[in-house]
Amino acid sequence: MKKWSQLLRALPFLAPNLAGFLVFTLGAVVVSFYLSLTEWDLLTPPRFVGLANYASLLGWHRAETGWEPLDPEFWQACYNTLFMMLGIPPTMLGSFLLACALNQKLAGERIFRLVFFLPSIVAGVAVMLLWKWMFNADYGLINRALWTIFGVQGPTWLTSVAWAKPALMLMGFWTAVGGFNMMLYLAALQNVPKELYEAAEIDGAGRWSVLWHITWPMVTPTTFFILTMSIIGGFQSGFDAAYVMTGGGPARSTTTISYFIYNHAYELLNMGYAAAAAWVLFAVVFVFTLLNWRNARGRMQ
Amino acid sequence: MSSPRPALTLSRALSYAALVGVGASMLLPLAFMIATSLKDTQEVYDNSGGLFRAFLPQKLLWGNYAHVADVVPYWRFYANSVFVAALVTTGQVATCAMAAYAFARLQFPGRDFLFFGYLATMMIPGAVTMVPNFILLAALPDWLAKIAPSIPWAAYWTIGDTIPVGRLVGLDSYFALIGPSLFSAYGTFMLRQFFITLPRELEEAAELDGCGLWRIFRHVTLPLSLPALATLGIFTFLGAWGSFMWPLVVTNKEFMRTLPVGLQAFQGQNATNWPLLMAASVLMLLPSVAIFLFGQRFIVSGLQVGAVKG
């Protein structure tokens, strides 16, 4: 009886949130898994196909020219996603160096922090449109600057298969370098014991030597955390920017996994196939989440 | 720091130079955005006159800002965004605070199991739940029509015969834009972590005074938690304000679009009118920038909780 009265006491507090959780998360997860085992275009009733969606997503077959994926577009989306995740290490390095520069207690530190953080706050469609305009091949600010300063004819950026991904990565760098990761590094730097620096100074170590042999190793847990979180985010990202700036092109060169899922779900109405792709994405993300948890637990001990 | 040495001064000077350089590259695109928003439609296609001219409009056409709604119902998008973001923010903070209170302070069977369930779902990509949620919303009017046939669930409503407000539920409804965001596992988790750090004594004293749970929650726990509530509120607002994919898939009618979706459609109309589009974009950024400036300290404090997430 006591248990029931406890539950009755708690339920009014829990109910609104729990209802949303049960319907839009838990229920959706269960339905999504079932959908991934079906073929469904929303118009005709869903047809159970077992693991066929997963097989066509991940499967390879022997063609005349050798092994080929059953769905090259999916693998291309994976390649595009991984390619754009190559922007993660430079961005992290940038965040780390900016945090080190800020950590010297210079005058005006607050202003710099504010300015660096601004892009990550304004990030979104408005800024994507701005960058789309800046990347314009003929009149964009970037090619104008390349021409005026270096006398170089810039690439056509968003309409070039070779340059569209780097263009989106460049925008990503601008957006993220001074954002949350830099703040995390800044917090981590403030926890490095002063004695280490003093000892290094006595040993006559140079600034760069201190940076790479003391500071960088001391913030390794933060680096690991940022890296895994960025990888988790990286696998899931890319839709908004590609939809707004390139439409996933040219020649699908900016179609990431999330765009692939959108494309199948809402444009081609392959609900089951899209759900299966989402579960593949989940499986990949799950591995990195486990890594992150293990790291976090290790840090607490 | 008793005797600053040359090496230190040099490194500081270099740091300053680097910081100023980076700061400038952060601000230049935004300055260019504002400059473009004040230019003449043809001026943006004029490459003559050097790089600085790109940042200096020949004439400041503030009137561009009055023309943002000439091609698309811009202010309707704006009103939709404000309405949706405001309701999502207040609603989500409220439901998360209540659930977090139950998880932090109340004993009930299955509590830890349920909380673990919340934690476990935080790592599930949005792509997994988005497809079934879309299907649910698409099917909802039909389902409800079977339960309560007297209500026209699928009909489009208007206020005063002139202002369309979409359906009650389903696609093209404010319910679709707001409903799924009225709860959050992460927000519940974050507030729960904050609530368990609060001293229990105050709540116990209130309980001895005969206060019920609801009053303790309202008058003791919430007032002590304003910083955490502000942090969650700011992140929720920024997320709702910028949300793109979900509003894109659940709205078809132009008058139901939020700003991000509406702006993206803006560029497709005719040849893109860059000054107007940039003016529209600048106006869209204003609430985010204002919240950022006023709420900085909450954003930074939210990071510490964010670092525990994962």
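Conventions used here
- Residues numbered from 1 in each chain as written.
- Chains lettered and ligands numbered in written order.
- Predicted model: local features only at pLDDT ≥ 70, side-chain atom pairs only at ≥ 80, totals over all residues.
- Heavy atoms only, no water.
- Contact = heavy atoms within 4.5 Å.
- Buried area = accessible area lost by both parts, 1.4 Å probe.
- Salt bridge = Lys/Arg side-chain N within 4 Å of Asp/Glu carboxyl O.
- Polar contact = N/O pair within 3.5 Å; in protein donor to acceptor, adjacent residues only side chain to side chain.
- Helix = DSSP H or I, 4+ residues; strand = E, 2+ residues; numbered from the N terminus.
- Buried < 20%, exposed > 50% of the residue type's maximum accessible area, 1.4 Å probe, protein only.
- pLDDT = per-residue confidence, 0-100.

A.B. asks: Which parts of the structure should I look at to understand the interface of chain A and chain B?
C.D. replies: How big an interface is tends to be stated in terms of the accessible area lost upon association of its parts. Taken together, the 87 residues of chain A in the interface contact 92 residues of chain B. Overall, the association of chain A and chain B removes approximately 8,300 Å² of surface from exposure, summing both partners, and the carbon and sulfur fraction of that is 78%. Sorting the residues of chain A by area buried against chain B places A:Phe13, A:Phe24 and A:Trp133 first, and these three jointly supply 11% of that buried surface. Between chain A and chain B we count 0 salt bridges in total. The interface formed by chain A and chain B includes 12 residue pairs in polar contact (both at pLDDT 80 or more).

A.B. asks: Explanation requested: unusual backbone geometry in the structure shown.
C.D. replies: Excluding glycine, residues mostly carry a negative phi; peptide bonds, for their part, are mostly trans. Residues and elements named next belong to chain A. Across the junction of Gly 249 and Pro 250, the peptide omega takes the value -5°, indicating a cis bond. By the element assignment, Pro 250 lies in the loop between helix H13 (239-245) and helix H14 (257-267). Non-glycine residue Ala 251 carries a positive phi angle of around 50°. As for its placement among the helices and strands, Ala 251 is situated in the loop between H13 and H14. The exposed category is assigned to Ala 251, whose relative accessible area is 60%. Non-glycine residue Leu 269 carries a positive phi angle of around 55°. Residue Leu 269 is classed as partly exposed on the basis of its relative accessible area, which comes to 26%.

A.B. asks: Whenever I open this one, the confidence of the model for chain B confuses me. Can you help?
C.D. replies: As a note on interpretation, predicted positions should not be read in detail where pLDDT is low. All names here are of chain B. Here chain B averages 88 in pLDDT, and 93% of its residues register 70 or above. Every residue in residues 1-6 scores below 50 in pLDDT, and together they form 2 contacts with partners more than four places removed in sequence or on other chains. In the predicted structure, residues 306-310 sits below a pLDDT of 50 and forms 12 contacts with residues beyond four places in sequence or in another chain.

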